[in-house]
Amino acid sequence: MYKYLNKVNSPKDIKAMSVEEMDLLAKDIRKFLVKSVSNTGGHLASNLGVVELTLALHKVFDSPEDKIVWDVGHQSYVHKIVTGRKNDFTSLRQFNGLSGFPKENESPHDIFDTGHSSTSISVATGIACARDIKNEDYSVISVIGDGSITGGMALEALNHLGYVKKNMIVILNDNEMSIDKNVGGMSRHLSSIISNSTVNKVKDEVEKLLSITSTGNAISKTANKVKDSIIGKFIPQECALFDSLGIKYYGPIDGHNTKELIDILIKAKNKKGPVLLHVITKKGKGYKFAEEKPDKYHGVSKFDIRTGVLPSSNKSISCAVGEKLIDMAKKNENIVAITAAMPSGTGLNLFEKVYPNRYYDVGIAEQHAATFSAGLAKNGLKPYFAVYSSFLQRAYDQVIHDICITNKPVTLLIDRAGIVGNDGETHHGMFDLSYLNSVPNITVMAPKDTRELELMMDLSLDINAPVAIRYPRGNSYYLNKGSYENINIGQYEVLEEGKDTVILAIGNMVKHALEASEILLNEDIKPTIVNARFLKPIDETLLHKLVKEYKNIVTIEDNIITGGFGSRINQFIIDNGYDVKVTNIGLPETFIPHGSPNEIYDSIGLSPNCIADKIKSL
Ligand SMILES: Cc1ncc(C[n+]2csc(CCOP(=O)(O)OP(=O)(O)O)c2C)c(N)n1
Ligand SMILES: CC(=O)[C@@H](O)[C@H](O)COP(=O)(O)O
Ligand SMILES: [Mg+2]
């Protein structure tokens, strides 16, 4: 088992290997990856695709002196395996375990923390510029996917890199997939290079010739060598897009041919100025089920290796959003849906099937998506931009400048709000209540459950201005508590009447508050529980009443305490000169690591038990 993998404890061990041994090592690594991720969950398909590429990089370059910067970082598992962390894979993405992304504090080989896409060329260009100022000598390599290179930042960085002309290598790992099918003009252009390339044409011709002329194995091997050397001569090709920016294009290169990869990396290492290597890989390579469904195997939870069966899950909140939007679109022909490369994640894949002409996947381009939505609204449409909370951070200025100042009726469906779990600190949606709190013109709401989310979507139709609705990652759930009638703007609802303490909970924290209240029954403590559906506007009438009636006001939110819902309530109390004890419960002002949501809530005092303890202490 793992004969070759067992020999590798550091990149030095790869340097000692022959190409044939590296190929056997690649086989071991694929087996290890599939086995290990089937037990922990994680990003499988992208990692299976970069095995040879990663090994070739570690063969040619000296990490960590040479700097390999992984874009997004979800494909850095092979890099982690060969840089001394293979034994930690049992804890991958678990609480206190190995991160699923590069982390500077995990290993000196992880050059830069990532999680969001399209940052690697900027980081690498920065490192290369600093290297030259400090007269240092090493290689800098950015590894970026065909999906991530569509992100605005990556294009900005290429523009700059071609201008400063630093010695640097950009490896474009092209598997013709983002999470879902890659989209856009850039993707089309890259695909056309692959299908039109002289290399591929020559390859096809030579292969045809070989199949006619080679009768035995020995001839085949020799013929293959001839083929490789013929093909080798045809790299580089021209690619006007990159070449005209000042970045020398080499490709396309077979990303599963170790020898070809090593040769081209050595050439690139010795080249002056920036180069881009267009490496073609197959997402999911080597595991049949992942090759067939790379989108399903992009990020997986535990699965059965033999059958490839992924655990069936209940309907997600995102799916409910997709279905609701379809329902609304039937009645309102102005509704259009926008995603930035997350159709399956946000549930908009469902919308696309029914309304392909009213659906836009703009690629990994959150900033463009926000301003594009404003443009659609300008021309009379009713855009719904579904986006993960942490990725919307990218488009903060566009939300302010293009949606809110101009008061456009764009609705932001903010998915993955709050703690998301195993992706960790780069992906928790912990800031949106704070960053939207201070922006004029926008109505911000968070539902207690999925039914209320649907009602909020109905309400958004009547608001001729910007709206944001935030909801968590996970399965649909129904509390069956309080009213499910139409909601009025800014109206809270009292779910349980108690005494002394009133809990104002927003979004998914209503569920935690209700569970905390049940725990407290054993202690004979019964707080009043309010479903505070709106971050803004707040329900001033109810708040005046509550603040006068109760000794303790407690706010709970799945968002950083600083500047969020609690802060808004504090401001109300100060502005109105009330003298009352207020306790804000929420996420601490720190970056929160990965783990299951329950473990995280427990560790930061946001689980129902912790909330009950806190109330008791009041
Ligand atoms: C700013 C941002 N938007 C969206 C995502 C979600 N996301 C993670 S990986 C990915 C696809 C990346 O495609 P590509 O770069 O081609 O890598 P591959 O998975 O194909 O190897 C997306 C959309 C993200 N991480 N960051
Ligand atoms: C790497 C990345 O950003 C995505 O793959 C992300 O992990 C998806 O998260 P969900 O599983 O919540 O859709
Ligand atoms: Mg890709």
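Being a predicted model, the structure only gives us computed values, none of them experimental. (Residues numbered from 1 in each chain as written. Chains lettered and ligands numbered in written order. Predicted model: local features only at pLDDT ≥ 70, side-chain atom pairs only at ≥ 80, totals over all residues. Heavy atoms only, no water.)

### A word on the packing of helix 22 (residues 509-521) against helix 26 (residues 608-617)
- At a closest axis distance of 8 Å, the pairing of helix 22 and helix 26 adopts a crossing angle of 60 degrees. Of the possible angle classes, the one that applies to helix 22 and helix 26 is oblique. For the pair helix 22 and helix 26, the crossing hand works out as right-handed. Residues His512, Glu515, Ala516, Ile519 and Leu520 of helix 22 lie in contact with helix 26, whose contacting residues are Pro608, Asn609, Ile611, Ala612, Ile615 and Lys616.
- When its residues are assigned to classes, the contact of helix 22 with helix 26 shows seven nonpolar, two polar and two charged. (Axes fitted to C-alpha atoms, helices over the stretch in contact; angles between N-to-C directions. Helix = DSSP H or I, 4+ residues; strand = E, 2+ residues; numbered from the N terminus. Parallel < 35°, antiparallel > 145°, perpendicular 65-115°, else oblique. Left-handed = near helix turned anticlockwise from the far one by under 90°. Contact = heavy atoms within 4.5 Å. Nonpolar A, V, L, I, M, F, W, Y, C, P; charged D, E, K, R; others polar.)

### Considerations on the UniProt feature "binding site: thiamine diphosphate" (unreviewed entry) in the protein chain
- Taking the UniProt record as the reference, the feature "binding site: thiamine diphosphate" (unreviewed entry) is found at His74, Gly115, His116, Ser117, Gly147, Ser148, Asn175, Tyr287 and Glu366. Spatially, the listed residues are scattered: they cover 293 residues, and their C-alpha atoms lie as much as 31.9 Å apart.
- Inspection of the secondary structure puts Asn175 in the loop between strand 3 (168-174) and helix 8 (185-196).
- Among the secondary structure elements, Tyr287 is positioned in the loop between strand 5 (274-280) and helix 13 (288-292).
- Dropping the residues within four chain positions of it, Tyr287 is found in contact with Val34, Leu44, Leu48, Tyr297, Phe303, Asp304, Ile305 and Gly308. (UniProt positions renumbered as here; feature names shortened; annotations may be inferred.)

### Looking at the pattern of salt bridges
- Under the definition given, this model contains 29 salt bridges.
- Taking the shortest distance from any N to any O, the salt bridge between Glu136 and Lys134 comes out at 3.9 Å.
- We classify Lys134 as exposed; its relative accessible area is 57%.
- Measuring nitrogen to oxygen at the nearest pair gives 3.8 Å for the salt bridge that ties Asp327 to Lys330. You can see Asp327 and its partner Lys330 sitting in helix 14 (residues 317-331), three residues apart, about one turn around the helix.
- What makes Asp327 partly exposed here is its relative accessible area of 35%.
- On the accessibility criterion, Lys330 (56% relative accessible area) is exposed. (Salt bridge = Lys/Arg side-chain N within 4 Å of Asp/Glu carboxyl O. Buried < 20%, exposed > 50% of the residue type's maximum accessible area, 1.4 Å probe, protein only.)

### So, the nonpolar core
- Counting residues in each nonpolar core, the largest one holds 102 residues, and the members touching the most others are Leu325, Phe351, Leu412, Tyr492 and Ile556.
- Both domain 3 (317-470) and domain 4 (493-617) contribute no fewer than three residues apiece to this core.
- Look past the residues within four positions of Leu325 in its chain and what remains in contact with it is Ile335, Ala337, Leu348, Phe351, Tyr384, Leu413 and Met457.
- Core analysis: the next-biggest nonpolar cluster, separate from the first, contains 54 residues, Ile14, Leu92, Tyr287 and Tyr297 among them. (Core = buried A, V, L, I, M, F, W, Y, C linked by side-chain atoms within 4.5 Å. Domains from an automatic or database assignment.)

### Re the side chain of Ser99
- You can see Ser99 is positioned in the loop between helix 5 (77-85) and helix 6 (120-133).
- What makes Ser99 buried here is its relative accessible area of 2%.
- A distance of 3.0 Å separates the side chain of Ser99 from the backbone nitrogen of Phe101, its partner in a polar contact.
- Sequence-distant contacts of Ser99, defined by excluding residues within four places in its chain, comprise Lys80, Leu92, Glu106 and His594. (Polar contact = N/O pair within 3.5 Å; in protein donor to acceptor, adjacent residues only side chain to side chain.)

### Looking at the UniProt feature "domain: Transketolase-like pyrimidine-binding" (unreviewed entry) in the protein chain
- When the UniProt feature table is mapped onto this chain numbering, "domain: Transketolase-like pyrimidine-binding" (unreviewed entry) sits at residues 315-479.
- Secondary structure content for residues 315-479 is 43% helix and 16% strand, and the end C-alpha separation is 16 Å.

### A few points about the site of ligand 2
- Residues in contact with ligand 2 amount to 13 residues; listed here are only the nearest, Tyr388, Arg416, Asp423, His427 and Arg473.
- One of the side-chain N or O atoms of His43 is found 2.9 Å from an oxygen atom in ligand 2.
- Separating an oxygen atom of ligand 2 from a side-chain N or O atom of His427 is a distance of 2.6 Å.
- Summarising the interface, the protein chains cover 84% of the accessible area of ligand 2, which totals 360 Å² for the free molecule.
- Taken together, the residues that form the shell around ligand 2 break down as five nonpolar, five polar and three charged.
- The residues that make up the shell around ligand 2 include at least three from each of domain 1 (5-197 + 237-292) and domain 3 (317-470). (Near = heavy atom within 4 Å. Areas by Shrake-Rupley, 256 points an atom, 1.4 Å probe, with all protein chains shown as cover.)

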